[in-house]
Amino acid sequence: MKRTLSSYLRVLLVLLFCFVAFGAMAQNRSVTGTIVSSEDGLPLPGVSIREKGTTNGTTTGANGEYRLTVASAESVIVYTFVGFVTQEVTVGNQSTINLTLMTDVSELGEVVVIGYGTQEQKDLTSSIATVNADELTKTPAAQPMQALQGKVPGVQIVSAGAPGASPTVRVRGVGSLESNSAPLYVVDGMFFDNIDFLNSSDIETVSVLKDASASAIYGVRASNGVILITTKSGDYNQAPQIVYDGYYGTQVAQNVMKMANTEQFVNYALATGSAADASFIDNAFQRYGRSHINPNVPDVNTDWYNEVLQTAPIQNHSISVNGGNDATRYAVGLNYFDQQGLLKGTRNDYERINLRTKLDFDVSEKLTMGVNLNLSNSNQYVAENSVWFKSYFAVPIIPVYDDQNTAATPNQYSNAQQLGYRGSQNPFYDLEYNDNRNQATKILANVYLEYDLIPQMLSFKTAYNYSYSNVVSRNVDFAYHDGVTNVLSALRRSSGNNNNQIWDNYLTFNKDFDLHHLTAVAGYSFRSETSEGVFVRGTELEPDPTKGQDELWYLNGSQIDIGGSGDYGSAFYGSSYFGRLAYNYDDRYLLYGTFRRDGTNRFQQKWGNFFTVGAGWVLSEEEFFNVSNVDLLKFRGGWGQLGNSGVSAAVGAPTIDPRFVAIDDTRTPGNVLIPTFDIVDRWETTEELNIGLSSLMFNERLSIEADYFVRDTKNAAVTIILPLIRSNVRRSAGEIRNSGFEFAANWSDFINNELSYRIGGNFATLNNEVLSLGGPQYLNAGSAEFRQRSIIGSPIQAFYGYETDGIFQSQDDIDNSGYTNEFINNSGIEPGDFRYKDQNGDGVIDDNDRVVLGSYLPDLTYGFNIGLSWKNFDFSADFQGQVGHSILNRKRGEIIFTQDTNIDADLATNLWTGEGTSNKYPSAAGLRKGWNQSMSDYFVEDGSYFRIQNVRLSYTLNEGQLFTDMPETRFTFTAERPLTVFDYNGFNPEVANGIDRQTYPIPAIYTLGINLKF
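Residues numbered from 1 in each chain as written. Predicted model: local features only at pLDDT ≥ 70, side-chain atom pairs only at ≥ 80, totals over all residues. Heavy atoms only, no water.

## Regarding the overall build of the protein chain
- A count of helical and extended segments in the protein chain gives 13 helices and 52 strands.
- For the protein chain, the C-alpha atoms occupy an extent of roughly 95 × 70 × 65 Å along the three principal directions.
- Relative to all contacts within the protein chain whose residues are 6 or more apart in sequence, the contacts with residues 24 or more apart total 70%.
- Surface accessibility of the protein chain: about 42500 Å² in total, with carbon and sulfur atoms responsible for 53%. (Helix = DSSP H or I, 4+ residues; strand = E, 2+ residues; numbered from the N terminus. Contact = heavy atoms within 4.5 Å. Areas by Shrake-Rupley, 256 points an atom, 1.4 Å probe, with all protein chains shown as cover.)

## A closer look at the sheet that holds strand β3 (residues 57–59)
- With respect to topology, 4 strands assemble into an open sheet ordered β3-β2-β5-β6, the strand pairing being antiparallel. Only two strands of the sheet have a single neighbouring strand rather than two, namely β3 and β6 (87–90). Adjacent strand axes in the sheet meet at a mean angle of 20° when their direction is disregarded.
- Examined bridge by bridge, strand β2 (residues 48–51) and β3 share 3 bridges and lie antiparallel to one another. Residue Arg50 lies in a different strand from β3, and its bridge partner there is Gly57. (Pairing = 2+ DSSP bridges. Axes fitted to C-alpha atoms, helices over the stretch in contact; angles between N-to-C directions.)

## A short note on helix α5 (residues 275–288)
- With 14 residues, α5 should cover 20 Å at 1.5 Å per step; its first-to-last C-alpha distance of 20 Å lies within 8% of that length.
- Residues of α5 that are buried include every one of Asp277, Phe280, Ile281, Ala284, Phe285, Arg287 and Tyr288, and no others.
- Elements that come into contact with the buried residues of α5 comprise α4 (262–271).
- At the C-terminal side of α5, Gly289 shows a positive phi close to 85°. (Expected span 1.5 Å × (residues − 1). Buried < 20%, exposed > 50% of the residue type's maximum accessible area, 1.4 Å probe, protein only.)

## A short note on the sheet that holds strand β47 (residues 886–889)
- Pairing in this open sheet of 3 strands is mixed, and the strands run β48-β47-β51 from one edge to the other. Pairing within the sheet leaves two strands with one partner each, and these edge strands are β48 (940–942) and β51 (995–996).
- Relative to β48, β47 runs antiparallel, the two sharing 3 bridges. Across the sheet, the residue bridging to Ser886 is Asp942, located in β48.

## Looking at the environment of Ala733
- Its location among the elements puts Ala733 in strand β36 (residues 728–750).
- Using a relative accessible area of 28% as the deciding quantity, one classes Ala733 as partly exposed.
- Those residues within four positions of Ala733 in sequence are excluded, and the remaining contacts are Asn715, Ala716, Val718, Ser772, Leu773 and Gly774.

## Quick word on the UniProt feature "domain: TonB-dependent receptor plug" (unreviewed entry) in the protein chain
- As recorded in UniProt, the sites labelled "domain: TonB-dependent receptor plug" (unreviewed entry) are residues 121–226.
- In residues 121–226, the share of helix is 8% and the share of strand is 26%. The end C-alpha atoms are 17 Å apart. (UniProt positions renumbered as here; feature names shortened; annotations may be inferred.)

## With respect to the pairing of strand β46 (residues 873–883)
- Burial of β46 is extensive: 8 of the 11 residues sit out of reach of the surface.
- Taken together, the 11 bridges between strand β45 (residues 860–870) and β46 define a ladder with antiparallel strand orientation. Looking across to β46, one finds that Ile866 is bridged to Ala877.
- For β46 and strand β49 (residues 945–957), the ladder comprises 10 bridges, and the chain directions are antiparallel.

## Some details on unusual backbone geometry
- Residue Pro410 is bonded to the preceding Thr409 through a cis peptide linkage, with omega at 0°.
- Counting through the fold element by element, Pro410 comes out in the loop between α7 (386–393) and α8 (428–432).
- The linkage connecting Glu542 with the following residue, Pro543, adopts the cis geometry, with an omega of 0°.
- Secondary-structure assignment places Pro543 in the loop between β27 (516–539) and β28 (559–585).

## Side note on the pattern of salt bridges
- Counted by the stated rule, this structure contains 48 salt bridges.
- Residue Arg287 is joined to Asp402 by a salt bridge in which the shortest nitrogen-to-oxygen separation is 2.7 Å. Here the residue Arg287 occupies a position in helix α5, and Asp402 occupies one in the loop between α7 and α8, the gap between them amounting to 115 residues. This pair shows no difference in class: Arg287 is buried, exactly as Asp402 is.
- Between Asp598 and Arg596 there is a salt bridge; the shortest N-O distance is 3.2 Å. Taken individually, Asp598 and Arg596 each receive the classification buried, so the pair is uniform in this respect.
- Taken together, the shared-partner salt bridges connect Arg172, Lys210, Glu688, Arg711 and Glu742 into one network. (Salt bridge = Lys/Arg side-chain N within 4 Å of Asp/Glu carboxyl O.)

## Details of the confidence of the model for the protein chain
- Across the protein chain, the average pLDDT comes to 89, with 93% of residues at 70 or higher.
- Low pLDDT (under 50) marks residues 1–5, which in the prediction has 10 contacts with non-local residues, meaning those over four places away or in another chain.
- This model gives residues 7–27 a pLDDT under 50, and the stretch forms 23 contacts once residues within four places in sequence are excluded. (pLDDT = per-residue confidence, 0-100.)

## Focus: the domain arrangement of the protein chain
- The assigned domain composition of the protein chain is domain 1 (28–101) and domain 2 (107–235).
- The C-alpha centroid of domain 2 is placed 33 Å from the C-alpha centroid of domain 1. (Domains from an automatic or database assignment.)

## Looking at α4
- For α4, the complete set of buried residues consists of Thr262, Phe265, Val266, Tyr268 and Ala269. Axial view of α4: buried residues confined to an arc of 165°, hence all on one face.
- Buried residues along α4 sit in contact with α5 and α13 (924–927).
- Where α4 begins, one side-chain oxygen reaches toward the backbone nitrogen of Glu263, 3.2 Å away; that side chain belongs to Asn261. (Arc of directions from axis to C-beta. Polar contact = N/O pair within 3.5 Å; in protein donor to acceptor, adjacent residues only side chain to side chain.)

## Quick look at the packing of α4 against α5
- The geometry of α4 relative to α5 is characterised by a closest axis approach of 8 Å and an angle of 145° between their N-to-C directions. Here Val266, Ala269 and Leu270 of α4 come into contact with α5, specifically with Asp277, Ala278 and Ile281.

## Structural notes on the nonpolar core
- Counting residues in each nonpolar core, the largest one holds 95 residues, and the members touching the most others are Phe265, Ile397 and Tyr819.
- If near-sequence neighbours (up to four positions away) are discounted, Phe265 is found in contact with Ala260, Val395, Pro396, Ile397, Tyr421, Thr901 and Asn902.
- The next biggest cluster of nonpolar side chains, apart from the first, holds 48 residues, and it includes Tyr185, Leu198, Leu228 and Tyr506. (Core = buried A, V, L, I, M, F, W, Y, C linked by side-chain atoms within 4.5 Å.)

## Looking at a nonpolar patch on the surface
- Taken together, the side chains of Tyr451, Leu453, Ile454, Phe460 and Leu507 make up a nonpolar region of the molecular surface, amounting to roughly 390 Å² of accessible area.
- Among the elements that make up the nonpolar patch, the one with the highest residue count is strand β22 (residues 434–454) (3 residues).
- Here Tyr451 shows up in strand β22.
- On the accessibility criterion, Tyr451 (34% relative accessible area) is partly exposed. (Patch = residues over 30% accessible without salt bridge, like charges linked within 9 Å, V, L, I, M, F, W, Y side chains within 5 Å.)

## Side note on the environment of Ser75
- Tracing the sequence through the fold places Ser75 in the loop between β4 (65–70) and β5 (76–80).
- Taking the relative accessible area as the measure of exposure, Ser75 reaches 6% and is therefore buried.
- Taking the C-alpha atoms as reference, Ser75 lies 8.6 Å from Val89; in sequence the two are 14 residues apart.
- Those residues in contact with Ser75 that sit more than four places away from it in its chain are Glu51, Val70, Val89, Thr90 and Val91.
- At 2.9 Å, the side chain of Ser75 forms a polar contact with the side chain of Glu51.

## Some details on the packing of aromatic side chains
- Applying the stated rule across the entire model yields 47 aromatic pairs.
- Judged by centre distance (5.9 Å) and plane angle (80°), the rings of Trp388 and Phe987 are edge-to-face. Of this pair, Trp388 sits in helix α7 while Phe987 sits in the loop between β50 (968–982) and β51; the two residues are 599 residues apart in sequence, bridging distant segments of the chain.
- Through successive ring pairs, a cluster of aromatic residues spans Phe786, Tyr802, Phe808, Tyr819, Phe823, Phe834, Tyr836, Tyr921, Trp931, Tyr938 and Phe939.
- Looking at Arg290, its charged tip hangs above the ring of Phe285, at a distance of 4.0 Å from the centre. (Phe/Tyr/Trp six-rings, centres within 6.5 Å; stacked < 30°, edge-to-face > 60°. Lys NZ or Arg CZ within 6 Å of the ring centre and 35° of its normal.)

## Examining the side chain of Thr519
- Mapped onto the elements, Thr519 comes out in strand β27.
- Within the local environment of Thr519, its side chain forms a polar contact with the side chain of Asn510, the two groups lying 2.7 Å apart.
- Excluding anything up to four places from it in sequence, Thr519 contacts Phe509, Asn510, Arg580, Leu581 and Ala582.

## Focus: the side chain of Gln809
- Along the chain, the position of Gln809 falls in the loop between β42 (804–807) and α9 (811–815).
- Overall, Gln809 belongs to the buried group, its relative accessible area being 13%.
- Aside from chain neighbours lying at most four places away, what touches Gln809 is Pro831, Trp912, Gly914, Glu915, Gly916, Thr917, Ser918 and Asn919.

Written as structure tokens, this is what we have:
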């Protein structure tokens, strides 16, 4: 499918390019000029310059200069720039038009998309962040949310490296023990849990509703924040504008771990004192010979990460056409995205094609109608995660291929079992003999009618949104022999459908009463969410599937695995009544409130009411305020409630289970009352208080946003143990708090007529704390060996264990440790073992000495950026990082279960080998002792990092700069994640749940791109 789809797309791109190039030849009059500011006389870069009634336009460069070719002398050119008065000039006989734009203080705030409407930024009382389209397209990624990393304070983005994988997104922490922390995505009015079907270049604006007063109008789906996305539309009275935007680049694995090489591994294995390990090395000598460089080690030195990793291409191509006439506007877009994976020898890639169309037209002076359709079709091949696990643990003394393993078919890969090791270890068995594909089709359709009941005062809008998704998965295990074991073929197929619909109906009232301005919204919404699917697994396929013959990969002739087959389904419905009221007095005093009453069939409690209130004071509008260089100073605050219906529902009553008993040797049916049951009869409710400040200074050169919030999740679903009967049940009884401070500042200015710069930064703190668990003081999570625990007063699911205090260097150290002699003798403590802190001083190390070791949630996230514009060059650099989060190095912990594997080079070269040699790592023999394998801060590492997130250099050739019919052309070089600095012993310090066992590396990406505007 890939080759065919790519070929068709290339032909289509060539044809469209030829078509638009021919159409561009109709331009026949050129105008040049320079635009400067009335405030200081300096040039204005980025001024929008457009031929009125068309989409023909350009923008000024860094020196304020422009060139535009128009249709005739009668053409009118419109000059617009945020914060300045729009001007129109008739061309006439002029070939040079220089203008001075006047400052317009009435445009200090841009329009922001909010729930069921828009609002000027200066009128906001909530915490809402906006991201423009240019920021999204800077990042080469399959998912648009990746571009927000480090740009919005309070929004944590955890990157994902696998092709097509979506990042983890958290808005202001985690407030639930059961449901995921993903925000609600609202795309043109439709609700989504993921936006992997969207192309970044199709997005017009992104609004992040961070606090409850902004999000609550969306009710029970909004507890984790809301991401509002509006896709691009055409403009009325504009000729067709055609834009091609594309890039091609390469991905490179970053910070590849150094594993112990053969010499380091042999030294470690022999130092453990294990006779078995020594015999395995002797077997390697017999099978592969001795190294000519160091005859004390086998003649094999395999770097498994180097063997499985490769550089991989990534590309994206988009074509859009938009425009309109007096009554209609339209936008049509086609996008192709392809991302290959970093693994050799297996299919791990993602390919997607999108088709988007958006149409709005005025049926009459009062009635407007619109239709929006977004189609997405993708193929994703997913590599086996076990590849990363085995690449870490495979010993370096076996090669990839082994000619002596003649029993192995169809490929003679090596097998560590033939040296005596417990498993095959070779990751190429997992690379070569698996093929996992997900085919996804997604449809988003939207149609609306809007009628002006009273022009410019009262309007009614009805909108129907429908989304459909179908995911067909196929997982193939090929038959092979590894020289020891014959592995049979297997095939699993599944198909799942989701059908969601939302029907919104609402009235909007806008009215000025002298100095009073009032906006009111009232409406009703119906939604339904249904899903169903089926899955089946078969083994011992006949004939066995082989690579390159996908058409034979079906279950015909297989043995059906009944336990691995089945179906599923769900149906949820809801009705909602909602309203919003915004009041503004003289642009000084702001009041805001929303209400939503949600009904659902998910819980026993059918209805919930969610309120918000907000207020703002624009101090800079007061007559007594006379502070120079302050354009806007606003204090704002809000409180609100949100719901979370994402937790699993419960029966909420005793149940009857059928049982059979023997009565007089007869099997007799009966019923048994089950007295324990879950009571999760309502949604989790989040209450949030937000206090903030917004300011613009120095003629809008400096903008500042600051917020402090306290977000409490109440009625959180938790698992508790009932007294006496000691049974686990779920109750809506928990309470979790997230609080923090967020700050963002941005500055832009000109140095001279040709050089301008911009700089910005943001940071956010987060304090996550469990307030209540419905009675118990803690709730366990994770495994018994690697315990996580939610403790009242501590972060949710924090890592929990012993705190180390160095390494015992000698017997005197042990004798003077403060441990009792009985405990020392019973524990078998030796020099080279960990010294654990005796937290309560009782002379023994037990459960009472375990403490919170860290949380996977960061204490601080930050980002900053710089930008320079010189003539037609534009340079930008983004930086971001996190501080205070921890990662459980589960890879190092695997030694608890399997000891005959490799270890990382840092550990191998820094093990304790005698007094004074190491105070961080135990001895080689100590690594295998139960004492040193207890959950401790040895396994829990600091995940703090700093990253150069994005570096971008662009050069723009203005329309007609090189030749008359030349379109505006922009060339771009981008480096995404070229450098990440951290101390954690892993590929990368971004692990969504904080547990690193087999994580796909996050690559650096280098691309070259071009943008053409016709």
